[in-house]
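Survey of secondary and tertiary structure
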Amino acid sequence: HEMLGLGPLEPLLADPTVSDILVNGSKQVYVERRGQLNLTDLTQPIVEELSRQLNESCSLAVLDGFDVVYVVRVPVRRIMTVSLGVGARLPAFCASLGRVLLGQLAPRELKTWLAELKPEKFTAHTQVQKEKIRAAVEQARAQGYGYVEQELELGLCSLAVPVCDPQGRIMAALNVSTPYRPQVAEYARKELLPALQKTAVLIERSIHSSRLPGKR
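The interhelical angle for the contact between helix α2 (residues 39–54) and helix α6 (residues 184–208), taken along N-to-C directions, is 160°, at an axis separation of 10 Å. What the angle tells us is that α2 and α6 run roughly antiparallel. Judged by the sense of rotation from one axis to the other, the crossing of α2 with α6 is right-handed. Between α2, through Leu39, Leu42, Thr43, Ile46, Val47, Leu50 and Leu54, and α6, the contact on the second element is made entirely by Glu191, Leu192, Ala195, Leu196, Thr199, Leu202, Ile203, Ser206 and Ile207. Looking at side-chain class alone, the contact of α2 with α6 contains 12 nonpolar, three polar and one charged residues.

What follows is the structure in structure tokens.
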């Protein structure tokens, strides 16, 4: 991958060496050249090992507009009523992945994002007040992780941490999903968070030492 500034995409689309183009929420353009490892190939084994250690479903995702898009998905058990795989999308505003990924936006960008957002209430727990969504994003940025409990679907809780490029900018997010039960938030923070953070560091090192975005 190469990381470029946002500009006309037509030359890239016409370039036969380009196999994939991703524009993230910070208007950074990631270009994958043919013959290079992509983010899924590079991180799939790492996320699989995390899932095996925790015996929980784990995912890696990027921000695309108002959605998070899965680039790796390792399911352990069926928690959600819909089946998710690589390329699947979820609304960013009520997902732990989204709360973390939105931390890459500057305050003005986040304000614009929220102004254009049309939040939908998926459960009785879904936060749809924009000021509270903004506060949740800022809290996730400040504490280094995002936690969401039954906002996207009843019975589903998730914890996410950022994956950063060498300049410290958020480029992806890693999460673990677990079923709701009493004291699940404490379990997530004490038992899941340390492993999630260690794995995020492993992913960052792998990305930084490869030809994926952000290596300069």
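Pairing within the open sheet is antiparallel, and its six strands lie in the order β6-β5-β4-β9-β8-β7. At either margin of the open sheet sits one strand with a lone partner, and together these are β6 (89–91) and β7 (146–149). Across the sheet, the mean angle from the axis of one strand to that of its neighbour is 30°, orientation sign disregarded. Note that strand β8 (residues 156–164) and strand β9 (residues 170–179) share nine bridges and pair antiparallel.

Each full turn of the α-helix corresponds to 3.6 residues, which orients residues three or four apart in the same direction. Spanning 16 residues, α2 covers 22 Å between terminal C-alpha atoms, matching the ideal 22 Å at 1.5 Å per step. Where α2 bends most, at Pro45, the angle is about 30°. Listed as buried for α2 are Leu39, Leu42, Thr43, Ile46, Val47, Leu50, Ser51 and Leu54. Its buried side turned inward, α2 meets β4 (57–64), β5 (67–74), β9 and α6. Just beyond α2, the residue with positive phi is Asn55, at close to 55°.

What follows deals with the confidence of the model for the chain. Of the residues in the chain, 76% have a pLDDT of 70 or more, and the chain-wide mean is 81. For the chain, strand β1 (residues 2–5) is the element with the lowest average pLDDT, namely 41, and helix α3 (residues 96–101) is the one with the highest, namely 96. Long-range and interchain partners of residues 12–19, a stretch whose pLDDT sits below 50, account for 18 contacts in this model, where long-range means more than four residues apart. Counting interchain partners and residues more than four positions distant, the pLDDT-below-50 stretch residues 25–36 has 57 contacts.

According to the stated counting rule, one finds two aromatic pairs in the structure shown. Each ring, one from Phe66 and one from Trp113, has its centre 5.1 Å from the other, and the planes form 40°; the classification is tilted. Here Phe66 is found in the loop between β4 and β5, whereas its partner Trp113 is found in helix α4 (residues 107–116), with 47 residues between them in sequence. When its relative accessible area of 8% is taken as the criterion, Trp113 is described as buried. The positively charged end of Arg189 is found above the aromatic ring belonging to Tyr147, 5.0 Å away from the centroid.

The next point concerns the packing of α4 against helix α5 (residues 130–143). In a packed pair of helices, the relevant descriptors are the angle between the two axes and the axis-to-axis distance. α5 packs onto α4 with a crossing angle of 140° between their chain directions and a minimal axis gap of 10 Å. For the pair α4 and α5, the sense of crossing is right-handed. Residues Leu110, Leu114 and Ala115 of α4 pack against Lys130, Ile133, Arg134 and Val137 of α5. Here the residues of the contact of α4 with α5 sort into five nonpolar, no polar and two charged.

With that settled, the discussion passes to empty space enclosed by the protein. Where empty space is left can be seen by rolling a probe of water-molecule size over the atoms. Scanning the entire structure with this criterion turns up one cavity of 30 Å³ or more. For the largest cavity, the lining is made up of 15 residues, of which Leu152, Leu156, Ser158, Asn175 and Ser177 are closest to its centre. Among the secondary structure elements, those contributing two or more residues to the lining of the largest cavity are β5, α3, β8 and β9. No other element matches β8, which puts three residues into the lining of the largest cavity.

Conventions adopted
Residues numbered from 1 in each chain as written. Predicted model: local features only at pLDDT ≥ 70, side-chain atom pairs only at ≥ 80, totals over all residues. Heavy atoms only, no water. Axes fitted to C-alpha atoms, helices over the stretch in contact; angles between N-to-C directions. Helix = DSSP H or I, 4+ residues; strand = E, 2+ residues; numbered from the N terminus. Parallel < 35°, antiparallel > 145°, perpendicular 65-115°, else oblique. Left-handed = near helix turned anticlockwise from the far one by under 90°. Contact = heavy atoms within 4.5 Å. Nonpolar A, V, L, I, M, F, W, Y, C, P; charged D, E, K, R; others polar. Pairing = 2+ DSSP bridges. Expected span 1.5 Å × (residues − 1). Bend = angle between axes of the 7 residues up to and from the residue. Buried < 20%, exposed > 50% of the residue type's maximum accessible area, 1.4 Å probe, protein only. pLDDT = per-residue confidence, 0-100. Phe/Tyr/Trp six-rings, centres within 6.5 Å; stacked < 30°, edge-to-face > 60°. Lys NZ or Arg CZ within 6 Å of the ring centre and 35° of its normal. 1 Å grid on protein atoms, 1.4 Å probe; cavity = no way out; pocket = protein on both sides within 12 Å on 5 of 7 lines; lining within 4 Å. Points joined across faces, edges and corners; volume = space filled by probe spheres on them.

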